[in-house]
Amino acid sequence: MTKERAYEILKEAGVLLEGHFLLTSGRHSNRYLQCARIFRNTRYSEELCAALAEKFRDAGVDIVIGPALGAVQMAYEVSRALGCENFFAEREDGAMTLRRGFAVTPGMKVLVVEDVVTTGGSAKEVIELTRAAGGTVVGVGAIVDRTGGKMDFGVPFHAALSMEVASYEPEQCPICKTGAPLVKPGSRKLSK
């Protein structure tokens, strides 16, 4: 998939929002990528996730894991393209964990997926819990890499679209200085 086609899909799906946003990482940004909108229409999700899965076709993936909530559907769609199982990690008492009978077994080859990577925090937590269980992380895949290719997970990392989108620590956010209301459109509650 070309960068142009990935961008076209995001545009058609209404993914890119403009304003003053609180990101899951706690940082602020003038742009928000609401990737959940991709999964409203299977023609978008199937095309993007199949293209991403292709990047890991030869990695011997046993299971695809995505952090809840943003990558639950993505894990399913990528695993479908790879012909393997999938499940998701979720927060319990603030920590990413596997529940619902999901378990990584020693030697299992795991592909971690995330809808949008800003700091990589959620994906890194899934990497850690996979390794703690004895699994091998063969790579990380994302629909959008907001770092413009600067993220390093220590394993192969591929995104359908890589673009640099500015984000700021709350104390240094120029948008806050304008008095624009802060919006949290993601899956975690606004706590600030």
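Presented here is a report on the structure given in the accompanying data block. (Residues numbered from 1 in each chain as written. Predicted model: local features only at pLDDT ≥ 70, side-chain atom pairs only at ≥ 80, totals over all residues. Heavy atoms only, no water.)

1. Considerations on the overall build of the protein chain
Within the protein chain, the regular secondary structure consists of four helices and eight strands. The order of helices and strands in the protein chain, counted from the N terminus, is α-β-β-α-β-α-β-β-β-α-β-β. Residue burial in the protein chain is summarised as follows: out of 192 residues, 45% are buried. Relative to all contacts within the protein chain whose residues are 6 or more apart in sequence, the contacts with residues 24 or more apart total 61%. Working note: accessible area of the protein chain is about 9500 Å², and carbon and sulfur atoms make up 48% of it. Counting 24 positive and 23 negative side-chain charges, the protein chain places the centres of these two groups 5 Å from one another. (Helix = DSSP H or I, 4+ residues; strand = E, 2+ residues; numbered from the N terminus. Buried < 20%, exposed > 50% of the residue type's maximum accessible area, 1.4 Å probe, protein only. Contact = heavy atoms within 4.5 Å. Areas by Shrake-Rupley, 256 points an atom, 1.4 Å probe, with all protein chains shown as cover. Lys, Arg positive; Asp, Glu negative; His and termini not counted. Charge placed at Lys NZ, Arg CZ, Asp CG, Glu CD.)

2. Comments concerning the pairing of strand β3 (residues 63-67)
Most of β3 sits out of view: five of its five residues are buried. Side-chain alternation along β3 places Ile63, Ile65 and Pro67 on one buried face and Val64 and Gly66 on a second face that is also buried. Where β3 meets strand β4 (residues 85-92), five bridges bridge the pair, whose relative direction is parallel. In the sheet register, Pro67 faces β4, and the bridge partner there is Ala89. In the sheet, β3 pairs with strand β6 (residues 109-117) via three bridges, with the strands oriented parallel. Of the residues in β6, the one forming a bridge with Val64 is Leu111. (Pairing = 2+ DSSP bridges.)

3. Remarks on helix α3 (residues 72-82)
Of the positions making up α3, those classed as buried are Met74, Ala75, Glu77, Val78, Ser79 and Leu82. Next to the buried residues of α3 lie α2 (42-55), β3, β4, β6 and β7 (136-145). Looking one or two residues beyond α3, the residue adopting positive phi is Gly83, at roughly 75 degrees.

4. Here we look at helix α1 (residues 3-12)
Those residues of α1 not exposed but buried are Ala6, Ile9 and Leu10. What you see down the axis of α1 is that its buried residues fit within an arc of 100 degrees, all on one side. Facing away from the buried side of α1, by more than 90 degrees, are the exposed residues Glu4 and Lys11. Residues of α1 that are buried sit in contact with β1 (16-22), α2, β7 and β8 (157-162). Looking at the residues trailing α1, positive phi occurs at Gly14, about 70 degrees. (Arc of directions from axis to C-beta.)

5. Quick notes on the packing of aromatic side chains
According to the stated counting rule, one finds four aromatic pairs in the structure shown. Taking 5.3 Å as the distance between ring centres and 75 degrees as the angle between the ring planes, the aromatic pair formed by Phe88 and Phe102 counts as edge-to-face. Of the two residues, Phe88 is situated in strand β4 and Phe102 in the loop between β5 (95-97) and β6; the sequence distance between them amounts to 14 residues. With a relative accessible area of 18%, Phe88 lands in the buried category. By relative accessible area, Phe102 is classed as partly exposed at 25%. With a centroid separation of 5.0 Å and 75 degrees between ring planes, the pair formed by Phe153 and Phe157 is classed as edge-to-face. What makes Phe153 buried here is its relative accessible area of 9%. Taking the relative accessible area as the measure of exposure, Phe157 reaches 19% and is therefore buried. Aromatic rings pair up to connect Phe87, Phe88 and Phe102 into one cluster. (Phe/Tyr/Trp six-rings, centres within 6.5 Å; stacked < 30°, edge-to-face > 60°.)

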